[in-house]
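Each chain, letter by letter, is given below.
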Amino acid sequence: MKTNLSVDRILTNGRIVTLDDAGTVAEAFAVKDGRIAAVGRADEIAALAAPGVETVDLEGRLVLPGFIDSHMHPLLYGMDKLKVDCGSKAIRSVDQILDNIRAAARSLPKGEWVLCSEYKPALLRENRKIHRDELDAVAPDNPVFLPTIHALSTNTLGLAAAGITADTPNPQGGHIERTDGRPNGFLSETAVHLLIDRLPPWTMEDRIRALELVGEELTEHGVTSVHEAGGVADIPNPELFRSYQIATRAGRWKQRAYVMFTINKPEHMEDIRRLGFATGFGDDRLRVGCAKLFIDGAFALGKAAVYGEDGTPTDDRLIWPPDRLREMIRELNELGWQVAAHAQGDRAIDVTLDGYVLSGKDNPHRNRIEHGGLSTPALQRRYLENNIPLATQPNLMHYFGTAAVAYGKAKLPWVYPFNTLLRLGLRLGGGSDCRATPPHPLMGIWNAVVRHERKTGAINNPQERITVDQAVRLFTRDNAWFSFEEDRKGRIEPGLLADVVALDRDIYTVDPETIPDTHVDLTLIGGEIVRRTF
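It should be emphasised that the depicted structure is a prediction, and the values quoted were computed from it without experimental measurement.

Engineer: Explain the overall build of the protein to me, please; I cannot follow it from the model alone.
Structural biologist: Helix and strand counts for the protein come out as 17 helices and 23 strands. For the C-alpha atoms alone, the extent of the protein along its principal axes is close to 75 × 55 × 50 Å. Residues classed as buried in the protein amount to 58% of the 534 residues present. For the protein, the share of sequence-separated contacts (at least 6 apart) that also reach a separation of at least 24 residues comes to 74%. Here the protein displays about 20,100 Å² of accessible surface, and carbon together with sulfur accounts for 50% of that area. Side chains of the protein carry 63 positive and 73 negative charges; the gap between the two charge centres is 1 Å.

This is the structure in structure tokens:
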């Protein structure tokens, strides 16, 4: 090893799991100009220290590459932190939500929107949605925006603002829920845009503050890179990207971001055509990501597009007609975009793959399936034949796995079948789908290893558990491939970005049930210490 190398910082006396091809476990590493300069034994790395170079004693801690979340919604999650609290850990009941909305409405002028954070009906004591009349009772003079996963609840004034009446038809791929023919205030999938398009705009300062708040939480949990999965319906795609750009330049957003551009409406395709850039444009801090398409609805709401027990497809749950979808995928690939398709049900995945196979042998654009909640054996064969990667979220199985019963007993063995997919040699990435679940990678690793269902306490398909090492790779090395950055990050190797975390325990050796209790004691992004507790 060379000993005349000038380095900026040395970190030593750790158990450094590099995740390199050789399976190297080192004792120390050095950082120079934001990248890993050297990895090796403690004495080898100490020899690189010139006078005045900072040396951090890791005190035996486990060190891993910085965590990458391949599917989350940081801006939406951060914006929730600026809204009426309806979804934090403290919220356990419908009454708590209604009390918070009542208090907020009383503090606002008549006619001003009550903007709420995302609530999760399945996690409430009552296990149900909130409807129009309940919201009218607590906010009679203010329209209410109360989002949930792929859906929202609103009151009479909110429905009026959206122009929704008893005669309003369901949009393609969406649903206006009714009770006795009267809209009851619950809108799902594409129907949410009828109301979201009427919300007051967020200022740039609001967006930057939202990113700043969520970035602080991500740093605490060792997240160094994110794939922003878009879907911020009231903020146009270029403005979403610009929010990250301004926050990054101002030093108020530390993580690296791979920002997806969402196509929710036909006119969004025209926006994409006019952009003049595509996937990969940017730098190591901020890069244009995938073009994201929604193929079906939310798994937890029973809106995934599936094949029935008799083989009949539920195409009324598809967001796009199959012919139109194939044409969009073909055009996006020709324009240079990687496509990320939200597809949960086996029918939705099937029609997506019909489009992906048109892009060429071995999937050169790395078109990806987001979620893939019901990956049946027939789909597994298609993944393998066409080199299709899946960006999965183990936390969804933990929080919402019981929703699978709505799709029939025959599909239950194929709910997020991580072990089967990995044994086949398929590529999986790990994410949280925050704000649907917490953006905490160690929780995702635990859920992939243990597969514990939150509501019932049962183990979901124990044969689909994976090892700790496999789960760690989902949130590090494997995720880097999903954004074409496997030569830049995801491992602790010379020349790669110095994005690194140190934990307070060795998750490879402890009881897996204790993994969620693990704390991140040190986070480096580009060699800069952005969190340290020792």
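Engineer: Explanation requested: the pairing of strand 16 (residues 286–294) in the structure shown.
Structural biologist: In regular strands, side chains alternate between the two faces of the sheet. Buried residues dominate strand 16, accounting for 9 of its 9 residues. In this structure, strand 15 (residues 256–263) lies alongside strand 16, joined through 6 bridges in parallel fashion. Its bridge partner being in strand 16, I263 is matched across the sheet by L293. Handedness of the crossover joining strand 15 and strand 16 through helix 9 (residues 266–275): right-handed.

Engineer: Before we go on, may I ask you to explain the pairing of strand 8 (residues 67–72) in this structure?
Structural biologist: Extensive coverage of strand 8 is indicated by the burial of 6 of its 6 residues. One ladder, built from 4 bridges, connects strand 8 with strand 14 (residues 223–228); its direction is parallel. If you follow M72 over to strand 14, its bridge partner there is E228.

Engineer: What am I meant to see in helix 3 (residues 94–106) here?
Structural biologist: Because an α-helix completes one turn every 3.6 residues, residues spaced three or four positions apart along the sequence face the same direction. In a regular helix each residue adds 1.5 Å, so 13 residues correspond to 18 Å; helix 3 covers 19 Å between its end C-alpha atoms and thus fits that length. Taken residue by residue, helix 3 has V94, I97, L98, I101, A104 and A105 as its buried positions. Buried residues in helix 3, looked at end-on, bunch into an arc of 125 degrees, giving them a common side. Opposite its buried face, helix 3 presents the exposed residues D95 and R106, each directed more than 90 degrees away. Contact partners of the buried residues in helix 3: strand 9 (114–115), helix 4 (132–138) and strand 10 (144–148).

Engineer: Would you mind showing me how to read unusual backbone geometry here?
Structural biologist: With the exception of glycine, most residues fall at negative phi, and the peptide bonds are largely trans. The phi angle at N387 is positive, at roughly 55 degrees, despite the residue not being glycine. One can find N387 in the loop between helix 12 (377–386) and strand 19 (390–392). Look at D433: it is not a glycine, yet its phi comes out positive at around 55 degrees. Here D433 lies in the loop between strand 20 (428–430) and helix 15 (441–450).

Engineer: Got a minute to help me understand the packing of aromatic side chains in this structure?
Structural biologist: Pairs of aromatic rings are described using the distance from one ring centre to the other and the angle between the two planes. According to the stated counting rule, one finds 10 aromatic pairs in the structure shown. Geometrically, the ring pair formed by F261 and F277 is edge-to-face, given 6.1 Å between the ring centres and 85 degrees between the ring planes. Of the two residues, F261 is situated in strand 15 and F277 in the loop between helix 9 and strand 16; the sequence distance between them amounts to 16 residues. F277 sits in the partly exposed class, given a relative accessible area of 27%. Considering the side-chain rings of F261 and W337, the 5.5 Å spacing of their centres and the 50 degrees angle between planes classify their relative orientation as tilted. Separated by 76 residues along the polypeptide, F261 in strand 15 and W337 in the loop between helix 10 (322–334) and strand 17 (339–343) bring together distant segments of the chain.

Engineer: Would you explain the sheet that holds strand 6 (residues 54–57) in this entry?
Structural biologist: Within the open sheet, the 4 strands sit side by side as 5-4-1-6. Their pairing is mixed. Of all strands in the sheet, those bounded by a partner on one side alone are strand 5 (35–40) and strand 6. Taken over all neighbouring pairs, the strand axes of this sheet differ in orientation by 20 degrees on average, direction set aside. When strand 4 (residues 28–32) meets strand 5, the two strands line up antiparallel, connected through 5 bridges.

Engineer: Would you mind showing me how to read the sheet that holds strand 19 here?
Structural biologist: Strand-to-strand pairing in sheets goes through backbone hydrogen bonds, with the strands running parallel or antiparallel. Strand order across the open sheet formed by 8 strands is 8-14-15-16-17-18-19-20, with parallel pairing between neighbours. Of all strands in the sheet, those with a lone pairing partner are strand 8 and strand 20, marking the two edges. Ignoring which end each strand starts from, the neighbouring axes of this sheet average 25 degrees apart. This element, helix 10, spans strand 15, strand 16 and strand 17 of the sheet and lies at about 165 degrees to strand 16. Of the strands in this sheet, strand 17 and strand 18 (368–371) are in contact with helix 11 (residues 346–356), which crosses strand 17 at around 160 degrees.

Engineer: Just to check I follow, could you spell out the side chain of K120 for this structure?
Structural biologist: You can see K120 is positioned in the loop between strand 9 and helix 4. Using a relative accessible area of 14% as the deciding quantity, one classes K120 as buried. Among residues more than four places away in sequence, those in contact with K120 are G87, T148, R435 and A436.

Engineer: Just checking my understanding: could you explain the pattern of salt bridges for this structure?
Structural biologist: Any two side chains of opposite charge can pair, given that their charged atoms come close. One pass over the structure, following the stated rule, counts 46 salt bridges. Where K411 meets D346, a salt bridge forms, and the shortest distance between an N and an O atom there is 3.4 Å. With a gap of 65 residues between them, K411 in the loop between helix 13 (394–400) and helix 14 (418–423) and D346 in helix 11 connect regions that are remote in the sequence. Take K411 and D346: they sit in the same class, and that class is buried. Across the salt bridge formed by R488 and D487, the nearest N and O atoms sit 3.9 Å from each other. We classify D487 as exposed; its relative accessible area is 52%. Ionic contacts of the salt-bridge type, sharing partners, join the residues R35, D284, R287, E485, D487, R488 and K489 into one network.

Rules used throughout
- Residues numbered from 1 in each chain as written.
- Predicted model: local features only at pLDDT ≥ 70, side-chain atom pairs only at ≥ 80, totals over all residues.
- Heavy atoms only, no water.
- Helix = DSSP H or I, 4+ residues; strand = E, 2+ residues; numbered from the N terminus.
- Buried < 20%, exposed > 50% of the residue type's maximum accessible area, 1.4 Å probe, protein only.
- Contact = heavy atoms within 4.5 Å.
- Areas by Shrake-Rupley, 256 points an atom, 1.4 Å probe, with all protein chains shown as cover.
- Lys, Arg positive; Asp, Glu negative; His and termini not counted.
- Charge placed at Lys NZ, Arg CZ, Asp CG, Glu CD.
- Pairing = 2+ DSSP bridges.
- Right-handed = clockwise from strand over helix to strand, strands pointing away.
- Expected span 1.5 Å × (residues − 1).
- Arc of directions from axis to C-beta.
- Phe/Tyr/Trp six-rings, centres within 6.5 Å; stacked < 30°, edge-to-face > 60°.
- Axes fitted to C-alpha atoms, helices over the stretch in contact; angles between N-to-C directions.
- Salt bridge = Lys/Arg side-chain N within 4 Å of Asp/Glu carboxyl O.

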